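Given next are the chains, with one letter for each unit.
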Amino acid sequence: MTPRREIARIAVPVSLEFVIMLVMNFVNQVIVGGLGTVAIAAVGFANSLGFILFVTVGAVGASTAILAARAFGSGKRDDMDATVTTAISLAIAIAAPFVLAAFLWTLQVLELAGASPEVAAEGSSYFRISILAMIPGIVAAVLSGLMRSTGFPKVPMYVTVVTVVLDSVIAYSLVYGVGPLPKLGVLGAGIAVLTANALKLIVLGYLAFGRLDLVSWHFPRHRHSVRTIVRPLIVLAIPLGITELFWTLGIFLYNVIFQRLGNDSLAAAQIVATLEGVFIVGSVGLMSASTALIGKAIGEGDAPAARAWISRVGRAGLVTGVVFGGIYALSALAIPVLFTEVSDEVIRVATIGIVINGIIQAVKVRNMIVGAGVLPSGNDVKGVILGDVFSTFVVGLPLALFLGLSTPLLAIGIFLARVVEEVVKLGIFSWRQSRVNWDALAAEHGAVTV
């Protein structure tokens, strides 16, 4: 199999999976958009808050994918079993207290996070139910990463297609009360998210532990496994979790700044972000491809192969970033047609924001591949933290506060601040990548220690 086909074998199914998922998420946003501007802002704000927990704890899944790829490359099935079992247990233990707190004090959490009274009141019922979907969603993400690292990248795609279509059908039926079903508004959208995530976990769990026999459920059996399995998982997961926390917290704080400008600006930002996700995930499979292929090469002790995969995936990312970024920018023409129940100001801000983000998408794709694939595979999670924290909290957010709240640019200034953030992050990630010693890492030849 040629290198291009090897990359495509992993990247295309993963990208299709996420494209389909985010297309349906955008469809759900259009569905909720029929309820008005406040409904869009409320659901988007609640999602951005829940996203912090999902992505932060989801770092356990990213660590699992890296270590599973190394174990798979070196033929260590027992290590892979113990890694997945430990990862799932750890993810549930971390997420459960936060999910419970958000469920019990939903309105207070939204208000404390900075939502306006209208947004908090409208989004509380949705957030209370959708936050319960975090635990099955996080475990499903761990199993999806396992499958991509062990030669079954299409399986999560098929399961996702079925569950996200079901999500949209249930959402529309319950939001507007189709047939005998009650009209629940945004609460119906939350029920749909929970149902889809639970079903996805059931199917993936059956396939991973049963039908495909990819992994067995057991914890490390020997004392030395703490050093070779549990410790590497935690050592990778904690820094990745920290960087994901800062990244998602940065996204959330941008939404808080948009909220300071009013519900129209927040609603426009949610439209821009959701639609951008549809196109940027056209390249997300390259991140998974880099993790699987680099990890397998390291597991085989082949440093030149690891470097070759980095170069090939990087070139593919440039192409997809330019192509999908251009299509995304053109999609701004459809906003007035899709969102007929929002104000002209929402349409104007969303249109400009889409064009700005479309132009910079190739840079974002590069950062995604290096920051979430290459550097973690090279054990340089410190570089990921440095890039995310400095570019967001030292450069991006202060600039967004100035341009958004102190200049006539307003919401447009916040979009421009995020452009500067991505450029700074690109420089930091490129510098850190040049410092990784792939020869030393590959010298471990199949070891899963960090």
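The structure contained in this document is the topic of the report that follows. In this text the structure is predicted, and so the values were computed from the model without any measurement.

### Considerations on the overall build of the protein chain
Here is step 1: Scanning the protein chain for helices and strands turns up 19 helices and zero strands.
Here is step 2: When burial is assessed residue by residue, the protein chain has 57% of its 450 residues classed as buried.
Here is step 3: Relative to all contacts within the protein chain whose residues are 6 or more apart in sequence, the contacts with residues 24 or more apart total 84%.
Here is step 4: By element, 69% of the accessible surface of the protein chain is carried by carbon and sulfur atoms, the whole surface being about 17,700 Å².

### Quick word on the layout of surface pockets
Here is step 1: One number sums up the size of the second largest pocket: a volume of about 170 Å³.
Here is step 2: Around the second largest pocket sit Ile 7, Ala 11, Val 12, Ser 15, Leu 16, Val 19, Gly 282, Ser 283, Leu 286, Ala 316, Thr 320 and Phe 324, which together line it.
Here is step 3: For the lining of the second largest pocket, the secondary structure elements donating two or more residues are α1 (3–33) and α13 (303–330).
Here is step 4: Broken down by element, the residue count for the lining of the second largest pocket peaks at six residues, all from α1.
Here is step 5: Of the residues belonging to the lining of the second largest pocket, the class tally is eight nonpolar, four polar and no charged.

### Some details on the nonpolar core
Here is step 1: One finds Phe 45, Leu 110 and Ile 335 to be the most contacted residues of the largest nonpolar core, which totals 67 residues.
Here is step 2: Phe 45 has contacts with Leu 110, Ala 113, Gly 114, Ala 115, Val 119, Phe 252, Val 256, Leu 266 and Gln 270, leaving out every residue within four places of it along the chain.
Here is step 3: Counting residues in hydrophobic clusters, the runner-up holds 29 residues, among them Ala 11, Ile 310, Val 374 and Val 436.

### Overview of the packing of aromatic side chains
Here is step 1: Per the stated rule, a full pass over the model turns up four aromatic pairs.
Here is step 2: Between the aromatic rings of Phe 258 and Phe 415, the centroid separation amounts to 5.2 Å while the plane-to-plane angle is 50°, which identifies the pairing as tilted. Of this pair, Phe 258 sits in helix α10 (residues 225–261) while Phe 415 sits in helix α18 (residues 411–433), and the two are 157 residues apart along the sequence. Like Phe 415, Phe 258 is buried.

### With respect to the side chain of Gln 361
Here is step 1: Within the secondary structure, Gln 361 sits in helix α16 (residues 361–377).
Here is step 2: When residues no more than four places from it in sequence are discounted, the contact partners of Gln 361 are Glu 276, Phe 279, Ile 280, Gly 321, Phe 324, Gly 325 and Tyr 328.

### Thoughts on the pattern of salt bridges
Here is step 1: Within the structure shown, the criterion is met by seven salt bridges.
Here is step 2: Across the salt bridge formed by Glu 276 and Lys 364, the nearest N and O atoms sit 2.6 Å from each other. Taken together, the residues span a long stretch of sequence, with Glu 276 in helix α11 (residues 263–280) and Lys 364 in helix α16 at a distance of 88 residues. Like Glu 276, the residue Lys 364 is buried in the burial classification.
Here is step 3: Among the salt bridges present, the one from Lys 425 reaches Glu 421, with a minimum N-O distance of 3.8 Å. Placement of both Lys 425 and Glu 421 in helix α18 is noted, with a separation of four residues, approximately one turn of the helix. Pair check on accessibility: Lys 425 and Glu 421 agree, each one buried.
Here is step 4: Connected via shared salt-bridge partners are Asp 388, Glu 421, Glu 422 and Lys 425.

### Some points on the packing of α13 against helix α15 (residues 344–359)
Here is step 1: Contact geometry for α13 and α15: axes closest at 8 Å, N-to-C directions at 170°. The orientation of α13 with respect to α15, classified from their angle, is roughly antiparallel. Together, Gly 325, Tyr 328 and Ala 329 of α13 and Ile 354, Val 355, Asn 357 and Gly 358 of α15 make up the contact between the two elements.
Here is step 2: When grouped by side-chain class, the residues that make up the contact of α13 with α15 number four nonpolar, three polar and no charged.

### Some words on helix α6 (residues 117–130)
Here is step 1: In this model, α6 (14 residues) spans 20 Å end to end at C-alpha, consistent with the 20 Å of a helix rising 1.5 Å per residue.
Here is step 2: When the local axis directions of α6 are compared, the greatest deviation, roughly 45°, occurs at Gly 123.
Here is step 3: Along α6, the positions that sit buried rather than exposed are Val 119, Ala 120, Gly 123, Ser 124, Tyr 126, Phe 127, Ile 129 and Ser 130.

### Section: the environment of Thr 163
Here is step 1: As for its placement among the helices and strands, Thr 163 is situated in helix α8 (residues 154–176).
Here is step 2: Taking the C-alpha atoms as reference points, Thr 163 and Val 193, separated by 30 residues in sequence, lie 9.4 Å from one another.

The rules behind the values
Residues numbered from 1 in each chain as written. Predicted model: local features only at pLDDT ≥ 70, side-chain atom pairs only at ≥ 80, totals over all residues. Heavy atoms only, no water. Helix = DSSP H or I, 4+ residues; strand = E, 2+ residues; numbered from the N terminus. Buried < 20%, exposed > 50% of the residue type's maximum accessible area, 1.4 Å probe, protein only. Contact = heavy atoms within 4.5 Å. Areas by Shrake-Rupley, 256 points an atom, 1.4 Å probe, with all protein chains shown as cover. 1 Å grid on protein atoms, 1.4 Å probe; cavity = no way out; pocket = protein on both sides within 12 Å on 5 of 7 lines; lining within 4 Å. Points joined across faces, edges and corners; volume = space filled by probe spheres on them. Nonpolar A, V, L, I, M, F, W, Y, C, P; charged D, E, K, R; others polar. Core = buried A, V, L, I, M, F, W, Y, C linked by side-chain atoms within 4.5 Å. Phe/Tyr/Trp six-rings, centres within 6.5 Å; stacked < 30°, edge-to-face > 60°. Salt bridge = Lys/Arg side-chain N within 4 Å of Asp/Glu carboxyl O. Axes fitted to C-alpha atoms, helices over the stretch in contact; angles between N-to-C directions. Parallel < 35°, antiparallel > 145°, perpendicular 65-115°, else oblique. Expected span 1.5 Å × (residues − 1). Bend = angle between axes of the 7 residues up to and from the residue.

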